[in-house]
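Spelled out from the first residue to the last, the chains are:
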Amino acid sequence: MSHAHLRLFVLALLLVCAGGLASQDARTARSSDAQLAGAPANAAARKNPFEGRPDAVRAGQKLFQRHCAGCHGQDARGKGKAPDLHSPVVQNASPGALSWFLKNGNLKAGMPSWSRLPDQRLWQILAYLKTLD
Amino acid sequence: MARLLALLALGFALSPAALPAQEKPYFVTYDHQLEEPGNLEISINPVLGLPRTARAFLGSSLEIGYGVKGWWTTEVYLDGQSTRGDSTVFTGWKWENRFRPLLREHWINPVLYIEYADVNGADKTLKEIVGFDSEREFNLPNRELRRERKREIETKLILSSNFRGWNISENFIAEKNLSNQPWEFGYAVGASRPLALAASSRNCTFCRENFRAGVEIYGGLGDAHNFTFSGASHYLAPVLSWELPGGVSLRFSPAFGLTGRSHRVLLRFGVSYEVEGFGRRLRRLFR
């Protein structure tokens, strides 16, 4: 690799990192709330087949620690721009709407899509989330 | 062969401690899952090639990927290879970017991919197969292969769907060597599924939920002058990934050549880990 290429490469990387660092956005939580409220009616009406099952809650807690705690915190109280999952907006939302939101994410605001996880695991995570105060 | 195996073992030994990693099992096919924003993923992907006529080789790429936005992932690859009875050489670098134009999940989710590569002719990472790529090109010694310099632009249309635990992905590849060569085309198709859809309530290492299995098929489609399946390399490759409880992800795939131009067998390995909140940590440094 020539020095010119190397410089170009490092410059490009720095630009990319700067773009990522500039992504802090105070509107994130509001944007996610709005998107949650915008879940299609048929998706929002879906029931959690794992609701109230203690084994599902434990499995959901394990999945939460693996996939979600990095951004939302071990206690799900939120950190940085990741919202508090104890909040009324989350706790009062229907399991179907939350499941739809997890699948779609909010890519503009930094919430990834979790469609790569099977439905069963998303429902298990939601069974756990609904046990939070 | 002992040298190749020692290099392979070294690659695994040098891989750092566990952090949560992405679960995709494919080596060649891309799905629509991008890096989480602010996360840095580091992977080592060695490929042990056992060609019919050429010498055995170990190609390897160090992959560093960063989630710039939820809809944009950028990755850098540093490639090298070691050929049995020949030499070990650095072969070049690649810079890829993937963009999700549609921000919600659909039945079919498109991703646009663009890559710039500056590699030499000795590159043996075989990250994709295009045109009329053949194992015969690997017959020459490294010192001759290195003389050829390839500056390439590669684009992909990635289409991917998740349905009932299954992922089905299709990639259409178009690659252009900037030194007045025709466009070359290739494809990759993959399907995979976790061995268990629901998670168990206990932490476990060998339970089925931690494994994902599937298959990839990939190969060349000729070039702009001759768009065809025939005369190109094609591979069928079962894939298996294993997500360890600590978060390190291991992948393995034996790829079997389906045509006379293909390598007989390619054994692909992958070790990945993810630095969560890399962007956040970097930001703190500059406060």
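A quick note: this is a predicted structure, and the numbers were derived from the prediction, not measured.

Visitor: So what exactly am I meant to see when it comes to the overall build of chain A here?
Guide: Check the secondary structure of chain A and you find eight helices and zero strands. A burial count over chain A gives 41% of its 133 residues as buried. Nonlocal contacts in chain A, meaning residues at least 24 apart in sequence, comprise 74% of its contacts between residues at least 6 apart.

Visitor: Help me out: how do you make sense of unusual backbone geometry in this one?
Guide: Most peptide bonds take the trans form, and the phi angle of most residues other than glycine is negative. Positive phi, normally seen in glycine, also occurs at A76 of chain A, with a value near 60°. Positionally, A76 of chain A belongs in the loop between α5 (69-72) and α6 (88-91). A residue is classified by how many C-beta atoms lie within 10 Å of it, and A76 of chain A, with 23 of them, is buried. Although it is not a glycine, R164 of chain B adopts a positive phi angle of roughly 50°.

Visitor: Would you mind going over the nonpolar core with me for this structure?
Guide: Soluble globular proteins tend to pack their nonpolar side chains together in the buried interior. Counting 30 residues, the largest nonpolar core has L122, I125, L126 and A127 of chain A as the members making the most contacts within it. Counting residues per element, the ones that place at least two in this core are α4 (54-67), α7 (95-104) and α8 (119-129) of chain A. Looking at this core, the element that brings in the most residues is α8 of chain A, giving seven residues. The residues touching I125 of chain A, leaving out its near neighbours within four places in the chain, are G60, L63 and F64 of chain A. Membership of the second largest hydrophobic core comes to 23 residues, among which are Y26, I129, V130 and V239 of chain B.

Visitor: Honestly, the environment of W95 of chain B in this entry has me stumped. Any pointers?
Guide: Its place among the elements puts W95 of chain B in strand β4 (residues 88-99). With 18 C-beta atoms counted inside 10 Å, the residue W95 of chain B sits in the partly exposed group.

Visitor: Is there a simple way to explain the environment of G270 of chain B in this structure?
Guide: Residues and elements named next belong to chain B. Along the chain, G270 turns up in strand β13 (residues 265-275). Between the alpha carbons of G270 and L62 there is a distance of 10.0 Å; along the sequence they are 208 residues apart. Among all residues touching G270, those that are not within four sequence positions of it are F27, S43, N45, L250 and R251.

Visitor: Even after reading the chapter, I still don't get the interface of chain B and chain A, so can you show me in this structure?
Guide: Interface size is commonly expressed as the accessible area that is lost once the parts come together. Contacts between the two partners involve 35 residues from chain B, matched on the other side by 33 residues from chain A. Among the elements of the structure, β2 (57-69), β4 and α3 (278-285) of chain B are those that each provide at least two residues to the side of chain B that touches chain A. Here the side of chain B that touches chain A takes four residues from α3 of chain B, the largest share from any one element. Class assignment for the residues of the side of chain B that touches chain A results in 13 nonpolar, twelve polar and ten charged.

Visitor: How should the pairing of strand β9 (residues 211-223) of chain B be read in this particular structure?
Guide: Residues in a regular strand project their side chains so that they alternate between the two faces of the sheet. All names here are of chain B. The sheet contact formed by strand β8 (residues 184-194) and β9 spans ten bridges and is antiparallel. If you follow A188 over to β9, its bridge partner there is Y218. Bridging between β9 and strand β11 (residues 234-243) involves nine bridges; their strand directions are antiparallel. Bridge assignment links A213 to a residue of β11, and that residue is L240. Of the pairings in the sheet, the one linking β9 to strand β10 (residues 226-227) comprises two bridges and is antiparallel in character. Along β10, the bridge assignment pairs D223 with N226.

Visitor: Teacher, can you tell me more about α8 of chain A here?
Guide: The α-helix advances 3.6 residues per turn, and as a result positions three or four apart in sequence lie on the same side. Residue and element names in this part refer to chain A. In terms of residue burial, α8 counts as a mostly covered element, since ten of its eleven residues are buried. For α8, every residue scored as buried is listed here: Q120, R121, L122, W123, Q124, I125, L126, A127, Y128 and L129. Turning to α8, the residues buried within the fold contact α4, α6 and α7.

Visitor: I keep staring at the packing of α4 of chain A against α8 of chain A and nothing clicks. Help me out?
Guide: The axes of two packed helices give the description: the angle between them and the distance between them. Residues and elements named next belong to chain A. The contact between α4 and α8 brings their axes to 7 Å, and the two run at 100°. The orientation of α4 relative to α8 falls into the category roughly perpendicular. Contacts between α4 and α8 pair A56, V57, A59, G60, Q61, L63 and F64 from the former with R121, Q124, I125, L126, A127 and Y128 from the latter. Along the lines of polarity and charge, the residues of the contact of α4 with α8 split into nine nonpolar, three polar and one charged.

Cut-offs applied
- Residues numbered from 1 in each chain as written.
- Chains lettered and ligands numbered in written order.
- Predicted model: local features only at pLDDT ≥ 70, side-chain atom pairs only at ≥ 80, totals over all residues.
- Helix = DSSP H or I, 4+ residues; strand = E, 2+ residues; numbered from the N terminus.
- Buried ≥ 20, exposed ≤ 12 C-beta atoms within 10 Å, placed from the backbone.
- Contact = placed C-beta atoms within 7 Å.
- Core = buried A, V, L, I, M, F, W, Y, C linked by C-beta atoms within 7 Å.
- Nonpolar A, V, L, I, M, F, W, Y, C, P; charged D, E, K, R; others polar.
- Pairing = 2+ DSSP bridges.
- Axes fitted to C-alpha atoms, helices over the stretch in contact; angles between N-to-C directions.
- Parallel < 35°, antiparallel > 145°, perpendicular 65-115°, else oblique.

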